[in-house]
Amino acid sequence: MASILGELSQAVIAGDAAAVKESTEKALAQGIAPDKIFREALIPGMDEVGRRMEAEEYFIPEVLLSARAMKSATEILNPLISQNKTMEPLGRVVIGTVQGDLHDIGKNLVVLMLEAKGFQVTDLGFNVPPEQFIENVKGTKADILAMSALLTTTMQKMGETIKNLQSAGYREKVIVMVGGAPVTDDFSRNIGADGCASDAASAARLAEKLITGRTEP
Ligand code: B1M
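Residues numbered from 1 in each chain as written. Predicted model: local features only at pLDDT ≥ 70, side-chain atom pairs only at ≥ 80, totals over all residues. Heavy atoms only, no water.

### A short note on the overall build of the protein
In step 1: Helix and strand content of the protein: nine helices and five strands.
In step 2: Helices (α) and strands (β) of the protein occur, in sequence order from the N terminus, as α-α-α-α-β-α-β-α-β-α-β-α-β-α.
In step 3: The globule rule puts the C-alpha radius of gyration for 217 residues at 17 Å, and the 18 Å found for the protein is close to it.
In step 4: C-alpha atoms of the protein, sized along the principal axes, occupy 60 × 40 × 25 Å.
In step 5: Every one of the 217 residues in the protein was classed for burial, and the buried ones make up 45%.
In step 6: Put simply, 71% of the contacts in the protein that link residues at least 6 apart link residues at least 24 apart.
In step 7: Looking at charge distribution, the protein has the averaged site of its 22 positive side-chain charges lying 5 Å from that of its 29 negative ones. (Helix = DSSP H or I, 4+ residues; strand = E, 2+ residues; numbered from the N terminus. Rg over C-alpha atoms; globule rule 2.2 N^0.38 Å. Buried < 20%, exposed > 50% of the residue type's maximum accessible area, 1.4 Å probe, protein only. Contact = heavy atoms within 4.5 Å. Lys, Arg positive; Asp, Glu negative; His and termini not counted. Charge placed at Lys NZ, Arg CZ, Asp CG, Glu CD.)

### Points about the pairing of strand S1 (residues 92–97)
Regular strands show a simple pattern: their side chains alternate between the two faces of the sheet.
In step 1: Burial analysis of S1 places five of its six residues in the buried class, the great majority of the element.
In step 2: The pairing of S1 with strand S2 (residues 120–123) spans four bridges and is parallel. By the bridge assignment, Val93 is partnered in S2 with Val121.
In step 3: Two elements, S1 and strand S3 (residues 144–148), share five bridges in a ladder whose sense is parallel. Within the sheet, the bridge partner assigned to Gly96 lies in S3 and is Met147. (Pairing = 2+ DSSP bridges.)

### Description of the coordination of the cobalt atom of the ligand
In step 1: Its sole protein donor being His103 (NE2), the cobalt atom of the ligand sits 2.2 Å from that atom.
In step 2: Note that His103 resides in the loop between S1 and helix H5 (105–117). (Donors = N, O, S within 2.8 Å, 3.2 Å for Na, K, Ca; no water.)

### Observations regarding the environment of Thr24
In step 1: Note that Thr24 resides in helix H2 (residues 17–29).
In step 2: Placed 189 residues apart in sequence, Thr24 and Gly213 show a C-alpha to C-alpha distance of 38 Å.
In step 3: Apart from the residues lying within four places of it in its own chain, the contact partners of Thr24 are Leu8, Ile37, Ala73, Ile76 and Leu77.
In step 4: A distance of 2.7 Å separates a polar atom in the side chain of Thr24 from the backbone oxygen of Val20. (Polar contact = N/O pair within 3.5 Å; in protein donor to acceptor, adjacent residues only side chain to side chain.)

### Let's talk about the packing of helix H1 (residues 4–14) against H2
When two helices pack together, their arrangement is given by the angle between their axes and by how far apart the axes lie.
In step 1: Following both chains from N to C, one finds H1 and H2 inclined at 160°, their axes separated by 9 Å at the closest point. By the criterion of interaxial angle, the relationship of H1 to H2 is roughly antiparallel. The chirality of how H1 crosses H2 is left-handed. Contacts from Ile4, Leu5, Glu7, Leu8, Ala11 and Val12 of H1 reach H2 at Ala19, Val20, Ser23, Thr24, Lys26 and Ala27. (Axes fitted to C-alpha atoms, helices over the stretch in contact; angles between N-to-C directions. Parallel < 35°, antiparallel > 145°, perpendicular 65-115°, else oblique. Left-handed = near helix turned anticlockwise from the far one by under 90°.)

### Let's talk about the site of the ligand
In step 1: Neighbouring the ligand are 32 residues; Gly100, Leu102, His103, Asp104 and Ser148 lie closest to it.
In step 2: Ser148 is positioned with one of its side-chain polar atoms (N or O) 2.8 Å from a nitrogen atom of the ligand.
In step 3: A distance of 3.2 Å separates an oxygen atom of the ligand from a polar atom in the backbone of Ala181.
In step 4: When residues of the shell around the ligand are traced back to their parent elements, those giving at least two are helix H3 (34–54), helix H4 (60–82), H5, S3, strand S4 (175–179) and helix H9 (200–215). (Near = heavy atom within 4 Å.)

### Here's the deal with the domain arrangement of the protein
In step 1: As far as domains go, the protein holds domain 1 (1–87) and domain 2 (89–217).
In step 2: Using C-alpha coordinates to define each centre, domain 1 is positioned 25 Å away from domain 2. (Domains from an automatic or database assignment.)

As structure tokens, this is what we get:
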């Protein structure tokens, strides 16, 4: 008999939102932790969707169905993960997916993990132009600017945003973190970011490390 996490993964691949919701609820009822459900069912499911897209077995409509199915699970899991919030925020973060890029599933997971760590997060969504990032960094007095990109064509917007931050005299006032599948350590260093992370949990750990490093005497 297939395990519940296997069933959940298959339901994501099939883009079946109702089955994803049902399997997520069953997994929780079996006592499986929300982060394990993400790591061992939802993310591998989306990875398989990506593989099929690459192999031209799946096209945009199928991928959108899977993305929507994934959302029906995150709607259940997010509040459970966010319960861990502390009263005093660890710091303020402005986050978004860069201009020209509509991928927000991974960014939303990063938001969730940051909130779970105790950060106060302003999520600007996707397709965010450099000037909107900068306005919000200033407006919220953010400690951290976090940018996500999933396309090799849009990741360049991260460098552009950092240059604009510099021109605005704001670069030294904010920590800049970048991430997303095509983003590497080398790329992050080259554009002058303070760090990058490969997944949502390590993004939250990195944010904590960077902000603690900055506030320590
Ligand atoms: Co798109 N897409 N897509 N897509 N899509 C990819 C990214 C792609 C790799 C698929 C492929 O060809 N194999 C490819 C990019 C190739 C490249 O540039 N290297 C691609 C393409 C080409 C496109 C289009 C151009 C397709 C087309 O129109 N011909 C188009 C572009 C639209 C646009 O953005 N302008 C497009 C469209 C779409 C949809 C809209 C249909 C949909 C997005 C829906 C949505 O997000 N609401 C979509 C999807 C779903 C994918 C795949 C299948 C899955 C992405 C995903 O959600 N993964 C993806 C293939 C893949 O990744 N396997 C693909 C699950 C998610 C949990 O992982 O997003 O990597 P990920 O996030 C991780 C880490 O990257 C990291 O933590 C997250 C959680 O662990 N992370 C950070 C992310 N941001 C971070 C920030 C941080 C730190 C870590 O610090 C700030």
